[in-house]
Amino acid sequence: MATAAESSYRVRVVDESHVGPPRGSVSPTTIPLTFLDMVWISIGPMQRIFFYEFPDISTPHFTQNIYPNLKHSLSLTLRHFFPFAANLTCPPPPNHPYISYKESDSVLVSVAESDYDFDHLTANQARDNNAFQQSLVPKLPTPSLLSEETHAVPTMAVQFTVFPNSGISIGIAFNHVAADGRRFNHFMKSWASMSVTHRLGDLPCHDKGLVEDPDGLASIYLNDWRNFLKNCSAPSSADSGNGVTPPAVVPQEKVRLTLVLGRAEIEKLKQLVVAATQTQSEPAAARISTNVVTCAFIWLLWMKIQESKEGTTDGHLDDDTLSHFIAPADCRGRLGLPFPPTYFGNCLAQISGSAKRIELMGSNGIVVAAKAIGRAICKLEKGPLTGAENSLSHFIEKLKMPSLLVTVAGSPKFRVYDTDFGWGKPKKSEVGHIGHGSFSLNECRDEEGGVEIGLVIGRQQLDFFNAIIEHARAEYSMIG
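First things first, this report covers the structure right here in the doc. (Residues numbered from 1 in each chain as written. Predicted model: local features only at pLDDT ≥ 70, side-chain atom pairs only at ≥ 80, totals over all residues. Heavy atoms only, no water.)

1. Things to note about the packing of helix α3 (residues 59-78) against helix α6 (residues 181-197)
Taken N-terminus to C-terminus, the directions of α3 and α6 make an angle of 125°; their axes are 8 Å apart at the nearest point. Between α3 and α6, the angle falls in the class oblique. The interaxial crossing formed by α3 with α6 has right-handed handedness. Here N69, L70, S73, L74, L76, T77 and L78 of α3 lie close against α6, whose contacting residues are F187, S190, W191, M194 and S195. (Axes fitted to C-alpha atoms, helices over the stretch in contact; angles between N-to-C directions. Helix = DSSP H or I, 4+ residues; strand = E, 2+ residues; numbered from the N terminus. Parallel < 35°, antiparallel > 145°, perpendicular 65-115°, else oblique. Left-handed = near helix turned anticlockwise from the far one by under 90°. Contact = heavy atoms within 4.5 Å.)

Right, dumping it as structure tokens:
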């Protein structure tokens, strides 16, 4: 059950406004979606929250002295990152969705006040997940009808939440079709820089012509999603908009926690895996990185939770049942295309590893998991678009057995704790949209080389999960 402190908190909206690029600074623009964007057309909004300590903050002080500069700097930043102020326009089939910007387009920006315990919210122990997925991040505004069969969906919304005498948070929801995590973090750091120094760093490149699609992958992916949504039993909010944006699913009775693996713990995991693979000639042994062993570690934890009495299962699983791990990988520099580092949009391929249940649950499970992920990375490096015409349909098939699928959001490479609006680095940063079978990765705020892992589990699973963590750390000699 929720504690009294968690169930009684309030979040009250005190201001709403719209912020767009300075008038006349961006011409009306239509941006086609590449096949790299179309992969994400039916994925719910991405959510990221940054928490900043601000001991003497009050809501009047924020709205009168801080908020105006944040809105002004956001406007100046959106001049160069205008797809975040635009709309995803969804015409009827067989037409493709596209991003459109016109002069009046803007980002909905709100200010709220909360009496939630800021220190509790930014700690690592279990916290009410609803706060992160419902209260501290905004919902994207309701789609607008452009015609009887065409609607437009805003691509971003921002919410500032003031915790009097404690701190503030910045919650952002954005449509993954507009940009991937790397470019979103580019936007956030640019906004922070503009807020503090009134200057931007590297500007984004919006040239979608860099992405060629001779095999018609964009049409294949769009049809894959439309066919999937037609077969969904749950009604979709996109039914009136041609089946391209499914409803967000908010887990109930869930808690969020942060597991921190320090640098020394990660090194012990690396040594364990390397020692078990050093006599093997397969190239996966050379891909034992911090991300690989961290993801392997969490993959095993999820498997154990699924098979516990406290966890959830889809019934009996035999030894040969395959468990799947999927993570996005940045492909700038990997596609053989002249992508500049600042290319704005999506440029991700899929790292997809699988292993048999009996192997993962055995005494050598972490080695099996690490090798499976390592092999997937090797395959990606040989050709990130190999078999691309079937990659989305294969992913959709795996969605039908969620207890056998583990996914990851975020990356330590994003350096989210470098996002400084002049108040110092964030006290905490969270990925809001994680849930069943998914986890997030950040760099560790307080230790270089460490990793923060964000997880959401059922409240009734918490004791069992803590026992698994303690046992795993002892099993892999991560303690002491």
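2. Structural notes on the packing of helix α8 (residues 263-277) against helix α11 (residues 365-382)
Where α8 contacts α11, the two axes come as close as 10 Å, and the packing angle between them is 85°. By the angle between their directions, the pair α8 and α11 is classed as roughly perpendicular. Listed contacts from α11 to L269, L272, V273, A276 and T277 of α8 are I366, V367, A370 and K371. Tallied by class, residues from the contact of α8 with α11 come to seven nonpolar, one polar and one charged. (Nonpolar A, V, L, I, M, F, W, Y, C, P; charged D, E, K, R; others polar.)

3. Thoughts on the pattern of salt bridges
Where charged atoms from two side chains of opposite charge approach closely, those side chains can pair. Using the criterion set out here, one finds 21 salt bridges in the structure. A salt bridge links R23 to E103; the nearest nitrogen and oxygen atoms lie 3.8 Å apart. In this pair, R23 sits in the loop between β1 (11-19) and β2 (29-32) while E103 sits in the loop between β5 (98-101) and β6 (107-114), placing the two residues 80 residues apart along the sequence. Residue R23 is classed as exposed on the basis of its relative accessible area, which comes to 72%. One salt bridge in this structure joins R332 and D180, with 3.2 Å as the shortest N-O distance. (Salt bridge = Lys/Arg side-chain N within 4 Å of Asp/Glu carboxyl O. Buried < 20%, exposed > 50% of the residue type's maximum accessible area, 1.4 Å probe, protein only.)

4. Remarks on helix α13 (residues 462-475)
The terminal C-alpha atoms of α13, which comprises 14 residues, lie 20 Å apart, in line with the 20 Å expected from a rise of 1.5 Å per residue. Among all positions in α13, only L462, F465, I468, I469, A472 and R473 are buried. Seen from one end, α13 has its buried residues packed into an arc of 125°, which puts them on one side. Opposite its buried face, α13 presents the exposed residues D463, E470, H471 and A474, each directed more than 90 degrees away. Looking at the packing, one finds that the buried side of α13 touches β12 (254-261), α8, α9 (290-306) and β18 (451-458). (Expected span 1.5 Å × (residues − 1). Arc of directions from axis to C-beta.)

5. A closer look at the packing of aromatic side chains
According to the stated counting rule, one finds 25 aromatic pairs in the structure shown. With a centroid separation of 5.6 Å and an interplanar angle of 55°, the aromatic rings of F62 and F160 are classed as tilted. Placement of F62 in helix α3 and of F160 in strand β10 (residues 156-163) is noted, with a sequence separation of 98 residues between them. According to the relative accessible area criterion, F62 is buried, its value standing at 0%. We classify F160 as buried; its relative accessible area is 1%. (Phe/Tyr/Trp six-rings, centres within 6.5 Å; stacked < 30°, edge-to-face > 60°.)

6. Regarding the sheet that holds β1
Pairing is mixed across the open sheet formed by six strands, whose spatial order is β1-β6-β10-β11-β3-β16. The open sheet is flanked by β1 and β16 (428-431), the only strands paired with a single partner. Neighbouring strand axes in the sheet, compared pairwise and without regard to direction, differ in orientation by 15° on average. Pairing geometry for β6 and β10, over six bridges, is parallel. Paired with S110 across the strands is Q159, a residue of β10. Sheet contacts for α3: β1, β6, β10 and β11 (167-174); angle to β1, the most-contacted strand, approximately 35°. (Pairing = 2+ DSSP bridges.)

7. Some words on empty space enclosed by the protein
Inspection of every chain in the model, using the stated rule, returns three cavities of 30 Å³ or more. If you add up the space inside the largest cavity, you get close to 60 Å³. In this structure, the largest cavity is lined by W302, M303, Q306, S323, P402, S403, L404, L405, V406 and G437. Broken down by secondary-structure element, the contributors of at least two residues to the lining of the largest cavity are α9 and β15 (405-409). Here the lining of the largest cavity takes three residues from α9, the largest share from any one element. (1 Å grid on protein atoms, 1.4 Å probe; cavity = no way out; pocket = protein on both sides within 12 Å on 5 of 7 lines; lining within 4 Å. Points joined across faces, edges and corners; volume = space filled by probe spheres on them.)

8. Examining the environment of I377
Position of I377 relative to the elements: it lies in helix α11. Take I377: its relative accessible area is 14%, and that puts it in the buried class. In the structure, I377 is positioned 24 residues away from G353 in sequence and 8.8 Å away in space, judged by C-alpha atoms.

9. Some words on α6
Its 17 residues place the ends of α6 24 Å apart at the C-alpha level, agreeing with the 24 Å of an ideal helix rising 1.5 Å per residue. Listed as buried for α6 are R183, F184, N185, H186, F187, M188, S190, W191, A192, M194 and S195. Of the surrounding elements, those touching the buried residues of α6 are β3 (46-53), α3, β10 and β11. Immediately beyond the C-terminal end of α6, within one or two residues, lies H198, with a positive phi of roughly 65°.

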